[in-house]
Amino acid sequence: MKLRKLEELLQQLDGFEKPKVLLEQYATSPHVAACMLHTAEESFGDLDGKVVADLGMGCGTLAIGAALQGARVCYGFEIDQEAINIAKQNLEETEIAVEIIRGDVEAGLGSRWEKSVDTVLMNPPFGTKKNKGADMTFLQEGLRLATRAVYSLHKTSTRQHVLSKAKQWGVEAKVVAELRYDLPATYRFHKKQSVDIEVDFFRFSFNDNN
Ligand code: SAH
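Residues numbered from 1 in each chain as written. Predicted model: local features only at pLDDT ≥ 70, side-chain atom pairs only at ≥ 80, totals over all residues. Heavy atoms only, no water.

Draft legend 1. Representation of the overall build of the chain in the model. Counting its secondary structure elements, the chain contains 6 helices and 7 strands. In the chain, the succession of helices and strands from N to C terminus is α-α-β-α-β-α-β-β-α-β-α-β-β. For 210 residues, the compact-globule estimate of 2.2 N^0.38 gives 17 Å, and the C-alpha radius of gyration of the chain, at 16 Å, lies within 12% of that figure. For the chain, the spread of C-alpha atoms along the principal axes amounts to about 45 × 40 × 35 Å. (Helix = DSSP H or I, 4+ residues; strand = E, 2+ residues; numbered from the N terminus. Rg over C-alpha atoms; globule rule 2.2 N^0.38 Å.)

Draft legend 2. Representation of the state of the cysteines within the structure. Counted under the stated rule, the structure contains 0 disulfides. In this structure C59 is a free cysteine whose sulfur lies 16 Å from that of C74, the closest cysteine sulfur available. (Disulfide = S-S within 2.5 Å.)

Draft legend 3. Representation of the site of the ligand within the structure. Near the ligand, the surroundings consist of 20 residues, among which T28, G56, E78, D104 and V105 are the closest. Taking E78, its side chain carries an N or O atom lying 2.6 Å from an oxygen atom of the ligand. The backbone of V105 places a nitrogen or oxygen atom 2.9 Å from a nitrogen atom of the ligand. When the ligand sits alone it has 570 Å² of accessible area, and the protein chains cover 98% of it. (Near = heavy atom within 4 Å. Polar contact = N/O pair within 3.5 Å; in protein donor to acceptor, adjacent residues only side chain to side chain. Areas by Shrake-Rupley, 256 points an atom, 1.4 Å probe, with all protein chains shown as cover.)

Draft legend 4. Spatial organisation of the packing of helix α5 (residues 134–145) against helix α6 (residues 159–169). Look at α5 against α6: their axes get within 12 Å of each other, and the N-to-C directions meet at 35 degrees. Every pair of crossing elements has a handedness; the one defined by α5 and α6 is right-handed. Touching M136, L139, Q140 and L143 of α5 are H161, V162, K165 and W169, all from α6. By residue class, the composition of the contact of α5 with α6 is 5 nonpolar, 2 polar and 1 charged. (Axes fitted to C-alpha atoms, helices over the stretch in contact; angles between N-to-C directions. Left-handed = near helix turned anticlockwise from the far one by under 90°. Contact = heavy atoms within 4.5 Å. Nonpolar A, V, L, I, M, F, W, Y, C, P; charged D, E, K, R; others polar.)

Draft legend 5. Up close: the packing of aromatic side chains. For the structure shown, the criterion picks out 5 aromatic pairs. Taken together, the aromatic side chains of F44, Y151 and F201 make up a single cluster linked through ring pairs. Above the face of the W113 ring, R112 is positioned so that its terminal group lies 3.9 Å from the ring centre. (Phe/Tyr/Trp six-rings, centres within 6.5 Å; stacked < 30°, edge-to-face > 60°. Lys NZ or Arg CZ within 6 Å of the ring centre and 35° of its normal.)

Draft legend 6. Region of the structure containing the pattern of salt bridges. Throughout the structure, instances matching the rule amount to 9 salt bridges. Note that E82 and K20 form a salt bridge whose closest N and O atoms lie 3.5 Å from each other. Of this pair, E82 sits in helix α4 (residues 81–94) while K20 is found in the loop between α1 (3–11) and α2 (30–42), placing the two residues 62 residues apart along the sequence. Between R203 and D46 there is a salt bridge, with the nearest N and O atoms lying 3.0 Å from each other. Of the two residues, R203 is situated in strand β7 (residues 194–206) and D46 in the loop between α2 and β1 (51–55); the sequence distance between them amounts to 157 residues. Note on R203: relative accessible area 7%, which makes it buried. (Salt bridge = Lys/Arg side-chain N within 4 Å of Asp/Glu carboxyl O. Buried < 20%, exposed > 50% of the residue type's maximum accessible area, 1.4 Å probe, protein only.)

Draft legend 7. Summary view of the nonpolar core. Core analysis: the largest hydrophobic core is formed by 33 residues, its most contacted members being L37, A66, L121 and L153. Ranked by residue count, the leading element in this core is α2, at 6 residues. Among all residues touching L121, those that are not within four sequence positions of it are L37, L47, V52, A53, D54, L55, L62, A66 and Y151. Of all hydrophobic cores here, the second largest spans 25 residues; its members include V120, F138, L143 and A146. (Core = buried A, V, L, I, M, F, W, Y, C linked by side-chain atoms within 4.5 Å.)

Draft legend 8. Main features of the packing of α1 against α2. Closest axis-to-axis distance for the α1/α2 pair is 9 Å, and the angle between their directions is 135 degrees. Taken together, the axis directions place α1 and α2 in an arrangement best described as oblique. Helix-helix and strand crossings are classified by hand; for α1 and α2 the assignment is right-handed. On the side of α1, the interface is formed by L3, L6, E7, L10 and Q11, while α2 contributes P30, H31, A33, A34, C35, L37 and H38. Of the residues contributing to the contact of α1 with α2, the split by class is 8 nonpolar, 3 polar and 1 charged. (Parallel < 35°, antiparallel > 145°, perpendicular 65-115°, else oblique.)

Draft legend 9. Representation of the pairing of β1 within the structure. Within β1, 5 of the 5 residues are buried, leaving the element largely enclosed by the surrounding structure. The pairing of β1 with strand β2 (residues 73–78) spans 5 bridges and is classified as parallel. Residue pairing in the sheet places L55 in a bridge with F77 of β2. Chirality of the crossover, the property in question, places the unit of β1, helix α3 (residues 61–68) and β2 among those that are right-handed. (Pairing = 2+ DSSP bridges. Right-handed = clockwise from strand over helix to strand, strands pointing away.)

Structural data, given as structure tokens:
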């Protein structure tokens, strides 16, 4: 699907009604999500016909986008019931099938999911609030689930840490793009109208299966 068309479709989805700061509920913008999904398919062939999981699916942007890119099966994992309710609404309106699983990615999703999907997509909590390191816990869980690739966003300021962890875990890590991620002033502690943060868009893959 063309990048512009994908972005247009994702723009029609509903976002968080009352975003929860402790869960770091920042929706991926349709523009960023469309770029991620387009790259995953056009450059790497990681979505069409594949089994895909979205960890921390929120309102479902990445999972729905993966389905639009031809994913054969999509799973969306999310801890928050209110986000799940909005995701369900989005699925009904778009008539797209994603199997939603309520679960805690940081606590681990259990052995049932080990190497059960081809590709994992996520925009994890960055772990800037109380849950320091949450993005790396999400990443580790994503790598446990996927057999092919994990796509994830991490703050550019943590790039060296992410790269050295990947090396330690024996996975290939590639910064596919550097994004400016526009966090709208959703929460009261943001004094400015919006805050730009620099974010790396990573693709992780397994050394024997690039
Ligand atoms: N993937 C969505 C939302 C990103 S925000 C999008 O791209 O728009 C991060 C999401 O992770 C939120 O929906 C939040 O509720 C969820 N989350 C935070 N901690 C979690 C946990 N431990 N387990 C599962 N989901 C979690």
